[in-house]
Amino acid sequence: MQTDTIDTQPYNDQNPGTSGLRKKVRTFQQVGYLENFVQSIFDSLENYSGKTLVLGGDGRYFNREAIQTIIKMAAANGFGELIIGQGGLLSTPAASHVIRKYQAFGGLILSASHNPGGPDEDFGIKYNVGNGGPAPEKYTQSFYRRSQSITSYKIARFDDVDLDTLGSQQAGELKITILDPVADYADLMQSIFDFSLLKQTIGSGFITLLFDAMHAITGPYAKRILVDMLGASPESVINATPLEDFGGHHPDPNLAHARELAERMFGPEAPVFGAASDGDGDRNMITGSNIFVTPSDSLAIMAANAHLIPGYAKGIAGVARSMPTSQAVDRVAAHYKIPCYETPTGWKFFGNLLDAGRITLCGEESFGTGSDHVREKDGLWAVLFWLNLIARRRQSVADIVHEHWQKFGRDIYCRHDYEAVETSIADGIVEYLRAQLPALPGQSFGEYTVKYADEFRYEDPVDGSISQNQGIRIGFENGSRIVYRLSGTGTVGATLRIYLEKFEPDAAKHHQDAQEALAELIGLAEHFGEVKKRTGRAGPDVTT
Ligand code: VG1
Ligand code: CO
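First, a word on what this report is: a plain description of the structure on this page. (Residues numbered from 1 in each chain as written. Chains lettered and ligands numbered in written order. Predicted model: local features only at pLDDT ≥ 70, side-chain atom pairs only at ≥ 80, totals over all residues. Heavy atoms only, no water.)

Things to note about the sheet that holds strand S19 (residues 410–421)
Now for step 1: A sheet is described by the order of its strands in space; here 7 strands give the open sequence S20-S21-S24-S25-S26-S19-S27, paired in antiparallel fashion. With one partner strand each, in any of the chains shown, strand S20 (444–445) and strand S27 (542–543) form the two edges of the open sheet.
Now for step 2: Note: strand S21 (residues 448–455) against strand S24 (residues 472–476), 5 bridges, orientation antiparallel. Across the sheet, residue Asp454 finds its bridge partner in S24, namely Arg473. (Pairing = 2+ DSSP bridges. Helix = DSSP H or I, 4+ residues; strand = E, 2+ residues; numbered from the N terminus.)

Right under this line is the structure:
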């Protein structure tokens, strides 16, 4: 096998964000851009010679091309085997499972998740370590450092590999195995959930369902699992064909982007259950007939009901949530006397807690829930969890949610996103907020008295690593919170997220509209952050 060492110049913007390096496709298409980043990853890793790397992506534009380049670079850098999803496809949770199942050294996942795809849209790449989870910060920081001084990369010379035929082939010393991207994952799901109960409950018509794959990676997974294995009707999976540009939409599972699903779930004759997943299959939106379940509530409800699911029948060790996620799950943890951890945004912070057996379930307000079955959040897993729950409790989604609120109280919650804000304006807002923090505690604003105002800092309880500046929090005596943070996944300007939360113990007040119930807090968020004033916007671009 002939390998070449190609001279290159560093790019100064290869700093991974919340979930890998995400940029416009055109940025990735610059000479040596992808190669520099991949070589920077390989250069930062040790002792992988002869070992296995998993490779797959969400099928977006540039996926196949990038995979061919990475195959040749992995060969030149001395990996022994590549396991690649057929067609270059692997959902993020399936990639995590494949890494674990085949005890691979690590994996490269090509995705920009819920961001749009196509020649003018986004692409992304991230490295996952041997536990199947996203590389912790100490890795991503060293990838970035290496990218700033890189002078060459290594690449092998051979013809493009056939990504579509299952089985193993040899390219020089490198073994390449193309595997069915769905099979192992479907087996894993079958080992966690009660498939015979689900089949029966769907077959009897008690559960009718609608799943929106948003023309992204979960189409083939949903068809195999929901339709072929569980007997749902083929029409219950919509937008099931993965497209390179997701049909021109944002593959972002929320009520704004999964519009067809939202219309049907809130229309007459709505199915019992509706859900959607994102570009790379790790997010989920849960709805029922005429009800939307916030991801924070979904996590809390899962934690409270986990014992009803075969895979968690023995009980759960603990739970974790990202800092901006509502405190609903904390109440469940307190009730069952299990630990609850608060981590910075991004799945990479759950890995150590999962590996150490300290937690079983975890989640984020951004439509992400998961468990110790893999080391990523998992969209279809969440769908199956809810279906299993509905089948076991024989109740509607609305009844399950309302009973939960009655027992634990409701954490009324919403998030406001201001997208593509000029970076200097966004930084100015953060500075302005930061300057106010020391003086806020003790001050009262109507019924809200500030209890604490700080910047979230996390010390990992397992390895002691510290992450600073993970979002600004203003917490009130009555348990309400306002959180501000800048997104680490956007590709245009800055995205400012404002997270708002208010606890309502009184069941008589549980059926309020979230925006109305949070109106006073929304006003306070503007008072502290001057976001509308400084951006000149009338309101958020996206409310979830
Ligand atoms: C967002 C979410 C975060 C999530 C991340 C990756 O990050 O807020 O909770 O972990 O996306 O999810 P940010 O930095 O933009 O707020 V995915 O499905 O995009 O891999
Ligand atoms: Co995603």
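Moving on from the coordinates now.
Some details on the state of the cysteines
Now for step 1: Applying the stated rule across the entire model yields 0 disulfides.
Now for step 2: Among the cysteines around Cys340, which has no disulfide bond, Cys362 carries the closest sulfur, lying 11 Å off.
Now for step 3: The buried category is assigned to Cys362, whose relative accessible area is 0%. (Disulfide = S-S within 2.5 Å. Buried < 20%, exposed > 50% of the residue type's maximum accessible area, 1.4 Å probe, protein only.)

A word on the pattern of salt bridges
Two side chains with opposite charge may pair up if their charged atoms get near one another.
Now for step 1: Scanning the entire structure with this criterion turns up 32 salt bridges.
Now for step 2: In this structure, the salt-bridge partner of Arg60 is Asp58, at a minimum N-O distance of 3.0 Å.
Now for step 3: Under the relative-accessibility criterion, Asp58 is labelled buried at 1%.
Now for step 4: Residues joined by salt bridges that share partners form a network here, namely Arg321, Asp330, Glu342, Asp454, Arg473, Arg481 and Glu501. (Salt bridge = Lys/Arg side-chain N within 4 Å of Asp/Glu carboxyl O.)

Considerations on the sheet that holds strand S17 (residues 361–364)
Now for step 1: Taken in spatial order, the 4 strands line up as S16-S15-S17-S18 in an open sheet, and their pairing is mixed. A strand with exactly one partner marks an edge of an open sheet, and here the two such strands are strand S16 (340–343) and strand S18 (368–371). Averaged over neighbouring strand pairs, the angle between their axes works out to 15° when direction is ignored.
Now for step 2: Pairing analysis gives 4 bridges linking strand S15 (residues 319–322) to S16, with the strands arranged parallel. Counterpart to Val319 in the pairing with S16 is Cys340.
Now for step 3: Together, S15, S17 and S18 form the strand contacts of helix H10 (residues 295–305), whose direction differs from that of S17 by roughly 170°. (Axes fitted to C-alpha atoms, helices over the stretch in contact; angles between N-to-C directions. Contact = heavy atoms within 4.5 Å.)

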